[in-house]
Amino acid sequence: MRKLLVVVDMQNDFIDGSLGTAEAVQIVDNVVEEIGKYDVKDVFATRDTHPENYLETQEGRKLPVVHCVKGTKGWEINEKVAKALGEAEIIDKPTFGSRKLAEKIEKLAEKEELEVTLIGLCTDICVVSNALLIKAYLPETPVKVIAACCAGVTPASHEAALTTMKMCQVEVL
């Protein structure tokens, strides 16, 4: 069974930027360590990517904090994480979940049996969205999330997202 790792939105704005948290800062080394356990061909990373007019979008009106505007320092993947990712494929996504990511994994699953593990930020928004999207595309593929390699907007919402994923048959490690 081929094991894939999905590194969700380990970007500066979510770590120590406009939407950063102490919990996000604390998981960086865990994320780097986990990436090191995989061959680069088995690692995918997502990058939250917004236009300059973010505040005019539906998401921006509901979350009025400018973040991850393409080309800015906040949009960039954390330096330590980027180094660990090396040549891993990075998928820009304009919203919480990435259909492109799920479709790429679905194509791989047509050729071989897979297991998919997710880590990253934010547990309660983008990690849960991508985990459930992958589960929807591939209901028989084991999908896992490593809690110690994720952080939410708050510790309580992180725990709530982990509970939600467990209820949807995503294994929480």
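Our subject in this report is the structure included herewith.

Definitions and cut-offs
Here the residue numbering is sequential within each chain, running from 1 through the sequence in written order. In keeping with the model being predicted, local features are shown solely for residues with a pLDDT of at least 70 and side-chain atom pairs are shown and tallied solely at 80 or more, while totals for entire chains, interfaces and linings include all residues. Values shown for side chains rest on all heavy atoms present in the structure; no hydrogens or waters enter the calculation. Helix and strand labels come from DSSP, where a helix needs a run of H or I of at least four residues and a strand needs a run of E of at least two; each type is numbered from the N terminus. Radius of gyration here is computed from C-alpha atoms only, and the compact-globule reference equals 2.2 Å multiplied by the residue count raised to the power 0.38. Per-residue and other accessible areas follow the Shrake-Rupley method at a 1.4 Å probe size, with only the shown protein chains counted as cover for residues. By the counting rule applied here, Lys and Arg register as positive and Asp and Glu as negative, while His and the ends of each chain are not counted. One atom stands in for each charge, and that atom is NZ of Lys, CZ of Arg, CG of Asp or CD of Glu. For cavity detection a 1 Å grid was placed over the protein atoms alone, and a set of points counts as a cavity when a 1.4 Å probe fits there but cannot get out; an open set counts as a pocket when protein lies on both sides within 12 Å along at least five of seven lines, with lining residues being those that have an atom within 4 Å of a point. Grid points are joined across faces, edges and corners, and a volume is the space filled by probe spheres set on the points. Burial classes: relative accessible area under 20% of the type maximum marks a residue as buried, over 50% as exposed, and values in between as partly exposed (1.4 Å probe, protein chains only). Polar contact criterion, stated in full: a pair of N or O atoms within 3.5 Å, where within protein one must be able to donate a hydrogen and the other to accept it, and residues adjacent in sequence count only if both atoms are side-chain atoms. The contact rule is simple, with two residues in contact once any of their heavy atoms fall within 4.5 Å. Note on definitions: angles span 0 to 180 degrees between N-to-C directions of axes, and those axes are lines fitted to C-alpha atoms, for helices only across the stretch in contact. Should an angle lie under 35 degrees it is considered roughly parallel, over 145 roughly antiparallel, and from 65 to 115 roughly perpendicular; all remaining angles are considered oblique. Each helix crossing is assigned a hand: it is left-handed if the near helix lies turned anticlockwise from the far helix by less than a right angle, otherwise right-handed if that turn is clockwise. In this classification, the charged set is Asp, Glu, Lys and Arg, the nonpolar set is Ala, Val, Leu, Ile, Met, Phe, Trp, Tyr, Cys and Pro, and all remaining amino acids, among them Gly, are polar. To estimate how far a helix should extend, the number of its residues minus one is multiplied by 1.5 Å. Strand pairing is defined by DSSP finding a minimum of two bridges between the two strands. For this analysis, a salt bridge means a side-chain nitrogen from Lys or Arg found within 4 Å of a carboxyl oxygen belonging to Asp or Glu.

1. Describing the overall build of the protein
- Helix and strand counts for the protein stand at seven helices and six strands.
- The order of α-helices and β-strands along the protein, N terminus first, is β-α-α-β-α-α-β-α-β-α-β-α-β.
- At 15 Å, the protein has a C-alpha radius of gyration in line with the 16 Å of a compact globule built from 173 residues.
- Put simply, the protein shows about 8600 Å² of open surface, and 53% of that area lies on carbon and sulfur atoms.
- One finds the centroid of the 20 positive side-chain charges in the protein at a distance of 3 Å from the centroid of its 28 negative side-chain charges.

2. Looking at the layout of surface pockets
- Taken as a whole, the largest pocket encloses approximately 160 Å³ of empty space.
- Contributing to the lining of the largest pocket are 13 residues, with Phe14, Leu19, Cys122, Ile125 and Val153 lying nearest its centre.

3. A word on the side chain of Asp9
- Looking at the element boundaries, Asp9 is found in the loop between β1 (2–8) and α1 (12–15).
- Judged by relative accessible area, which is 0%, Asp9 ranks as buried.
- At 2.8 Å, the side chain of Asp9 and the side chain of Lys93 are in polar contact.
- Apart from the residues lying within four places of it in its own chain, the contact partners of Asp9 are Phe14, Thr46, Arg47, Asp48, Lys93, Leu121 and Cys126.

4. Focus: the packing of helix α5 (residues 99–109) against helix α6 (residues 123–137)
- Contact geometry for α5 and α6: axes closest at 9 Å, N-to-C directions at 40°. Classified by the interaxial angle, the pair formed by α5 and α6 is oblique. In this structure, the crossing between α5 and α6 has a hand that is right-handed. Across from Arg99, Leu101, Ala102, Glu103, Ile105 and Glu106 in α5, the residues of α6 making contact are Asn130, Leu133, Ile134 and Tyr137.
- Its residues placed into classes, the contact of α5 with α6 shows six nonpolar, one polar and three charged.

5. Quick notes on α6
- End to end, α6 covers 20 Å across 15 residues, agreeing with the expected 21 Å (1.5 Å per residue, within 8%).
- Of all the positions in α6, only Thr123, Cys126, Val127, Val128, Asn130, Ala131, Ile134 and Lys135 are classed as buried.
- Summarising the contacts, the buried residues of α6 are in contact with β1, β3 (89–93), α5, β4 (114–121), β5 (143–151) and α7 (155–167).

6. Topic: the sheet that holds β4
- The six strands lie next to each other as β3-β2-β1-β4-β5-β6, forming an open sheet whose pairing is parallel. Both outer strands of the open sheet, β3 and β6 (171–172), are each paired with one neighbouring strand and no more.
- The pairing of strand β2 (residues 43–48) with β3 spans five bridges and is parallel. By the bridge assignment, Thr46 is partnered in β3 with Ile91.
- Along the sheet, α5 makes contact with β1, β2, β3 and β4, crossing β1 at roughly 175°.
- The strands that α7 touches are β5 and β6; relative to β5, the one it contacts most, it runs at about 175°.

7. Some details on the pattern of salt bridges
- Counted according to the given criterion, the structure contains 13 salt bridges.
- Among the ionic pairs, Glu112 bridges to Arg2, the shortest N-O distance being 3.0 Å. Placement of the pair is Glu112 in the loop between α5 and β4 and Arg2 in strand β1, with a sequence separation of 110 residues.
- The closest approach of N and O atoms between Lys73 and Glu76, which form a salt bridge, is 3.7 Å.
- Residue class for Lys73 comes out exposed when judged on its relative accessible area of 57%.
- Within the structure, one salt-bridge network assembled from shared partners comprises Arg2, Lys41, Asp42 and Glu112.

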